[in-house]
Amino acid sequence: MAAVKTKLGRIPCDCCGHPVVLKENEAGTLTVSCDECDVSAFAKKGTAAATKWRAKLPAQAPESVPKAPAPAPAAPAPVEQPKAPKKPATPFDPLGFLNKGKAA
Ligand SMILES: [Zn+2]
């Protein structure tokens, strides 16, 4: 399966200043590839380079930012909690299909 990359936004190329798309893969590694000067680079998660690139991103929240999780209860939910009606999974439910694939 091909690696899924998330586009975080555009930052100026380190080399020529041309706006380049900053991408993040599943491992958290950031990559850029510049069309103008042909430079390509990557920065592993947590490195100074990754932090620098992220700081260059526009202030607006990128679409890839996960929503803040709701505060979790101190104890796990009891099993006898009433369940929401389950929607049947059908081949015509692309979202359900995708979620199934992510569960692996
Ligand atoms: Zn460049």
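Here, every reference points to the structure presented above.
Attention in this report is confined to the structure presented alongside it. In this numbering scheme, every chain counts its residues from 1 along its sequence in written order. Per-residue local features of the predicted model are confined to residues with pLDDT of at least 70, and side-chain atom pairs are confined, for both listing and counting, to 80 or more; whole-chain, interface and lining totals are unaffected and use all residues. As a convention, hydrogens and water are excluded, and side-chain values are obtained from all of the structure's heavy atoms.

## Side note on the overall build of the protein
So, point 1. Secondary structure elements are defined from DSSP: runs of H or I of at least 4 residues count as helices, runs of E of at least 2 residues count as strands, and each element is numbered from the N terminus. Regarding its fold elements, the protein presents 2 helices and 4 strands.
So, point 2. Secondary structure elements of the protein occur, N-terminal to C-terminal, as β-β-β-β-α-α.
So, point 3. Each residue's exposure class comes from its accessible area (1.4 Å probe, protein chains only) as a fraction of the maximum for that residue type: buried when under 20%, exposed when over 50%, partly exposed otherwise. Relative to its full complement of 104 residues, the protein shows a buried share of 15%.
So, point 4. Note that accessible areas follow from Shrake-Rupley with a 1.4 Å probe, and for residues the cover is restricted to the protein chains shown. In the structure as shown, the protein presents an accessible area of about 8800 Å², 61% of it carried by carbon and sulfur atoms.

## Section: the sheet that holds strand E2 (residues 19–24)
So, point 1. When DSSP finds two or more bridges between two strands, those strands count as paired. Pairing is antiparallel in the open sheet, where 4 strands are placed in the order E1-E2-E3-E4. Looking at strand neighbours, the two that pair on one side only are strand E1 (6–12) and strand E4 (40–43), the edges of this open sheet. On average, adjacent strands in this sheet sit at an angle of 25° to one another, irrespective of strand direction.
So, point 2. Examined bridge by bridge, E1 and E2 share 6 bridges and lie antiparallel to one another. Note that in E2 the partner of arginine 10 across the bridge is valine 21. The angle between two axes is taken between their N-to-C directions and runs from 0 to 180 degrees, where each axis is a line fitted to C-alpha atoms and a helix contributes only its stretch in contact.

## Observations concerning the pattern of salt bridges
Between side chains of opposite charge, a pair can form when the charged atoms approach closely.
So, point 1. The term salt bridge refers to a side-chain nitrogen of Lys or Arg lying within 4 Å of a carboxyl oxygen of Asp or Glu. Inspection of every chain in the model, using the stated rule, returns 3 salt bridges.
So, point 2. Across the pair aspartate 14 and lysine 52 runs a salt bridge, and its minimum N-O distance is 4.0 Å. Separated by 38 residues along the polypeptide, aspartate 14 in the loop between E1 and E2 and lysine 52 in helix H1 (residues 48–56) bring together distant segments of the chain.
So, point 3. Across the salt bridge formed by lysine 56 and aspartate 14, the nearest N and O atoms sit 2.7 Å from each other. Taken together, the positions of lysine 56 in helix H1 and aspartate 14 in the loop between E1 and E2 put the pair 42 residues apart, joining distant regions of the chain.
So, point 4. Residue classification places lysine 56 among the partly exposed positions, given a relative accessible area of 31%.
So, point 5. Each of Asp14, Lys52 and Lys56 takes part in a single network of salt bridges with overlapping partners.

## Observations concerning the coordination of the zinc ion
So, point 1. Metal donors were taken as nitrogen, oxygen and sulfur atoms no farther than 2.8 Å from the ion, or 3.2 Å where the ion is Na, K or Ca. Water is excluded, so coordination may look unfinished. The protein atoms donating to the zinc ion are Cys13 (SG), Cys16 (SG), Cys34 (SG) and Cys37 (SG), with metal-donor distances spanning 2.2 to 2.3 Å.
So, point 2. Taken together, the 4 donor atoms coordinating the zinc ion span angles of 104 to 114° at the metal, a pattern that classifies the geometry as tetrahedral.
So, point 3. One chain supplies every donor for the zinc ion, spaced along it as C-x2-C-x17-C-x2-C. In this pair, cysteine 13 is assigned in the loop between E1 and E2 and cysteine 34 in the loop between strand E3 (30–33) and E4, connecting sequence segments 21 residues apart.
So, point 4. Exposure remark for cysteine 13: the relative accessible area of 7% places this residue in the buried category. A four-donor site is classed as tetrahedral when every donor-metal-donor angle falls between 85 and 135 degrees; four donors are called square planar, and six octahedral, when trans pairs exceed 155 degrees and all remaining angles lie between 65 and 115, with any other arrangement labelled irregular.

## A closer look at the nonpolar core
So, point 1. To form a nonpolar core, buried Ala, Val, Leu, Ile, Met, Phe, Trp, Tyr and Cys residues must be joined to one another through side-chain atoms within 4.5 Å. Counting 12 residues, the largest nonpolar core is built from Leu8, Ile11, Cys13, Val20, Leu22, Leu30, Val32, Cys34, Ala43, Ala50, Trp53 and Leu57.
So, point 2. Residue assignment for this core shows that the elements contributing at least two residues are E1, E2, E3 and H1.
So, point 3. Should any heavy atoms of two residues lie within 4.5 Å, those residues are considered in contact. Excluding its chain neighbours within four sequence positions, the residues that come into contact with tryptophan 53 are Ile11, Asp14, Leu22, Leu30, Thr31, Val32, Ala41, Phe42 and Ala43.

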